[in-house]
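# Breakdown of the fold
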Amino acid sequence: MPLRHFLLALSVVAIWGSNFVVIRWGLDVFPPLLFAALRFLLAAVPAIFLLPRPGVSWRNLAAYGMLVGVGQFGLLYLAMRSQISPGLASLVIQTQVFFTVLLAMRSSGERVQGFQWLALALAASGVGVIATHTDGTTTVLGLAMVLLAAFSWACGNIVGKRATGQNMLAYVAWSSAFAVAPLFALSLVFEGPAQMLGAVRHADAPAWAALLWQTVGNTLYGYGVWSWLLARHPAATIVPMALLVPVFGMSASALLLAEPLPGWKLIAAALVISGLAQNLLWPRVRARLRRGGAAMQPPSGG
């Protein structure tokens, strides 16, 4: 991969990781459900008027929008309001990888392989470490909400597989439109019109910048560049860089929000990231070892 493309991929994972800090800043002003609704409104408009509708069904677009918009980010924002720290949220949400694998295997009838069970056990151990160290910044409820958000993201991944070959930036923009109305309705019911209007009226420039960062930086730039890179390089070259998202997330939270990084958090991070790496990289390592072993076999005699 050319250095320029590597730097582009690095910029995307840095944005996705540090975005958890930006979310935290935005939640200081906007209530979580309203914040999510505004995010997906800006992700959809004006993009849907500039990008052609992807060649998938309306049902597919609606399902993806609901699962990612309401399920993933609605729950994530609610948890990050007061139930989990940004650094840990950036780590726990990555368990979507394992949920995605398990859901895909269940739908295809494949069996979970040994290395995948090991990867899942490592990641689950990391989540277990977090669960036993909940404090004022992270609660069991917050951990459960982020795990549910990760599961919803995984379900969205399964739905999104049907959009393979489509313009993913257009797919994200058009599907985002279906998350707007449910999120606004939930905000109206649970947060109330007074809180919604008060947040909009009192939002300052940093709060609006945090909201724009969700759409322009995290969604439009992030998904756009990531899809562009995947179209030019094998997925096995690009996707492993996503392992750096929680690294950037925890580092940014420590530097910008003074989130402490005690030993147990580092152990939890090491376990979860090790599980992610095992699940993602072991098939490539195994294939390379097999090729190396076959190359060392002596030629058969006649």
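Here the structure is a predicted model, which is why all the values come from computation and not from measurement.

### Some thoughts on the overall build of the protein chain
For the protein chain, the count of helices and strands is 14 helices and zero strands. In the protein chain, the order of α-helices and β-strands from amino to carboxyl end is α-α-α-α-α-α-α-α-α-α-α-α-α-α. By the burial criterion, 46% of the 302 residues in the protein chain qualify as buried. If you take every contact in the protein chain between residues at least 6 apart in sequence, the share linking residues at least 24 apart comes to 88%. For the protein chain, the accessible surface area stands at approximately 14,400 Å², while carbon and sulfur atoms represent 70% of it.

### Description of helix 11 (residues 205-230)
Since there are 3.6 residues in each turn of an α-helix, residues three or four apart along the chain are aligned in direction. The end-to-end C-alpha separation of helix 11 is 35 Å, in line with the 38 Å expected for 26 residues at 1.5 Å each. Of all the bends found along helix 11, the most pronounced is centred on Trp 213 and spans about 40°. Listed in full, the buried residues belonging to helix 11 are Ala 207, Ala 210, Leu 211, Gln 214, Thr 215, Gly 217, Asn 218, Thr 219, Gly 222, Val 225, Trp 226 and Leu 229. The N-cap of helix 11, judged by a side-chain oxygen 3.1 Å from the amide nitrogen of Ala 207 a few residues on, is Asp 204.

### Quick look at the pattern of salt bridges
Scanning all chains against the criterion turns up two salt bridges. Residues Asp 28 and Arg 24 are paired through a salt bridge, measuring 2.8 Å at the closest nitrogen-oxygen approach. Among the residues examined, Asp 28 registers a relative accessible area of 54% and is labelled exposed. Close ionic contact of Lys 265 with Glu 259 constitutes a salt bridge, the shortest N to O distance being 2.8 Å. Taking relative accessible area as the criterion, Lys 265 reaches 3% and is therefore assigned buried. Under the relative-accessibility criterion, Glu 259 is labelled buried at 8%.

### A word on the environment of Leu 50
Within the element layout of this structure, Leu 50 appears in helix 3 (residues 47-50). Overall, the relative accessible area of 66% leaves Leu 50 in the exposed class. Sequence separation between Leu 50 and Arg 106 is 56 residues, and the spatial gap between their C-alpha atoms is 37 Å.

### A closer look at the nonpolar core
Core analysis: the biggest nonpolar cluster contains 63 residues, and Phe 30, Leu 76, Tyr 77, Met 80, Ile 130 and Leu 183 have the highest contact counts within it. Looking at this core element by element, the count peaks at nine residues for helix 4 (residues 58-82). The next biggest cluster of nonpolar side chains, apart from the first, holds eleven residues, and it includes Val 13, Trp 16, Val 225 and Val 245.

### Examining the packing of aromatic side chains
One pass over the structure, following the stated rule, counts eleven aromatic pairs. Ring geometry for Phe 30 and Trp 208: centres 5.3 Å apart, planes at 70°, overall edge-to-face. Residue Phe 30 is located in the loop between helix 1 (3-27) and helix 2 (32-44), and its partner Trp 208 is located in helix 11; the two are separated by 178 residues in the primary sequence. Exposure remark for Phe 30: the relative accessible area of 0% places this residue in the buried category. One aromatic cluster is present, formed by Phe 30, Phe 35, Phe 40, Phe 73, Tyr 77 and Trp 208 through successive ring pairs. Here the guanidinium or amino end of Arg 39 rests over the ring plane of Phe 73, the centre of that ring lying 3.9 Å away.

### Remarks on the packing of helix 1 against helix 4
Here helix 1 crosses helix 4 at 70°, and the two axes come no closer than 10 Å. As summarised for this structure, helix 1 and helix 4 are arranged roughly perpendicular, according to the angle between their axes. Note on element contacts: helix 4 touches helix 1 through Leu 76, Tyr 77, Met 80, Arg 81 and Ser 82, opposite Phe 20, Ile 23, Arg 24 and Leu 27. Counted by class, the contact of helix 1 with helix 4 contains six nonpolar, one polar and two charged residues.

### A short note on unusual backbone geometry
Cis geometry is found at the peptide bond from Val 45 to Pro 46, where omega equals 10°. Locating Pro 46 in the fold gives a position in the loop between helix 2 and helix 3. Backbone geometry at Ala 258 places phi at a positive 60°, although glycine is not the residue there. Its relative accessible area of 60% is what places Ala 258 among the exposed residues.

### Here we look at the packing of helix 1 against helix 11
Two elements in contact, helix 1 and helix 11, have axes whose closest approach is 9 Å; the angle formed by their N-to-C orientations is 155°. One finds that helix 1 runs roughly antiparallel with respect to helix 11. Handedness of the helix 1/helix 11 crossing: left-handed. On helix 11, the residues that touch His 5, Leu 8, Ala 9, Ser 11, Val 12, Val 13, Ile 15, Trp 16, Asn 19, Val 22, Ile 23 and Gly 26 of helix 1 are Ala 210, Trp 213, Gln 214, Gly 217, Asn 218, Tyr 221, Gly 222, Tyr 223, Val 225, Trp 226, Trp 228 and Leu 229.

### So, the environment of Gly 275
Counting through the fold element by element, Gly 275 comes out in helix 14 (residues 263-296). On the basis of relative accessibility, which here comes to 0%, the residue Gly 275 falls in the buried class. Each C-alpha atom, one on Gly 275 and one on Leu 186, is 35 Å from the other, the two residues being 89 residues apart in sequence. Each residue touching Gly 275, except ones within four places of it in the same chain, is listed here: Phe 98, Ala 119, Leu 122 and Ala 123.

Reading the values: rules and limits
Residue positions within a chain follow its written sequence, with the count starting from 1. Restriction of local features to residues with pLDDT of at least 70 applies here, the model being predicted, together with a cutoff of 80 or more for giving and counting side-chain atom pairs; totals for whole chains, interfaces and linings are based on all residues. Here the side-chain values reflect all heavy atoms present in the structure, with hydrogen atoms and water set aside. Helix and strand assignments follow DSSP, with helices taken as H or I runs no shorter than four residues and strands as E runs no shorter than two, numbered in order from the N terminus. Only protein chains enter the calculation, and the probe is 1.4 Å; a residue is then buried if its accessible area is under 20% of its type maximum, exposed if over 50%, and partly exposed in between. Residue contacts are counted whenever heavy atoms from the two residues lie within 4.5 Å of one another. To be clear on the numbers: accessible area is Shrake-Rupley with a 1.4 Å probe, and residue cover counts the displayed protein chains and nothing else. A helix is expected to span 1.5 Å multiplied by its residue count minus one. Fitting axes to the seven residues that end at a residue and to the seven that start at it, the angle between those axes gives the bend at that residue. Here a polar contact means two N or O atoms within 3.5 Å. Within protein one must be a hydrogen donor candidate and the other an acceptor candidate, and residues neighboring in sequence count only if both atoms are side-chain atoms. Here, a salt bridge means any side-chain nitrogen of Lys or Arg that lies within 4 Å of a carboxyl oxygen of Asp or Glu. By nonpolar core is meant a set of buried Ala, Val, Leu, Ile, Met, Phe, Trp, Tyr and Cys residues that side-chain atoms within 4.5 Å join together. Here is the rule: rings of Phe, Tyr and Trp (six-membered ring for Trp) pair when centre to centre is within 6.5 Å. Planes less than 30 degrees apart are stacked, more than 60 are edge-to-face, and the remainder are tilted. Two limits define a charge over a ring: the Lys NZ or Arg CZ must be within 6 Å of the ring centre, and within 35 degrees of the ring normal. Note on definitions: angles span 0 to 180 degrees between N-to-C directions of axes, and those axes are lines fitted to C-alpha atoms, for helices only across the stretch in contact. Angles are sorted into four bins: roughly parallel if under 35 degrees, roughly antiparallel if over 145, roughly perpendicular if 65 to 115, and oblique for all others. Throughout this entry, Asp, Glu, Lys and Arg are counted as charged residues, while Ala, Val, Leu, Ile, Met, Phe, Trp, Tyr, Cys and Pro are counted as nonpolar. The remaining residues, Gly among them, count as polar. When the near helix sits turned anticlockwise from the far one by under a right angle, the crossing is termed left-handed; a clockwise turn instead gives a right-handed crossing.

Purely geometric stuff here, so don't read any function into it on its own.
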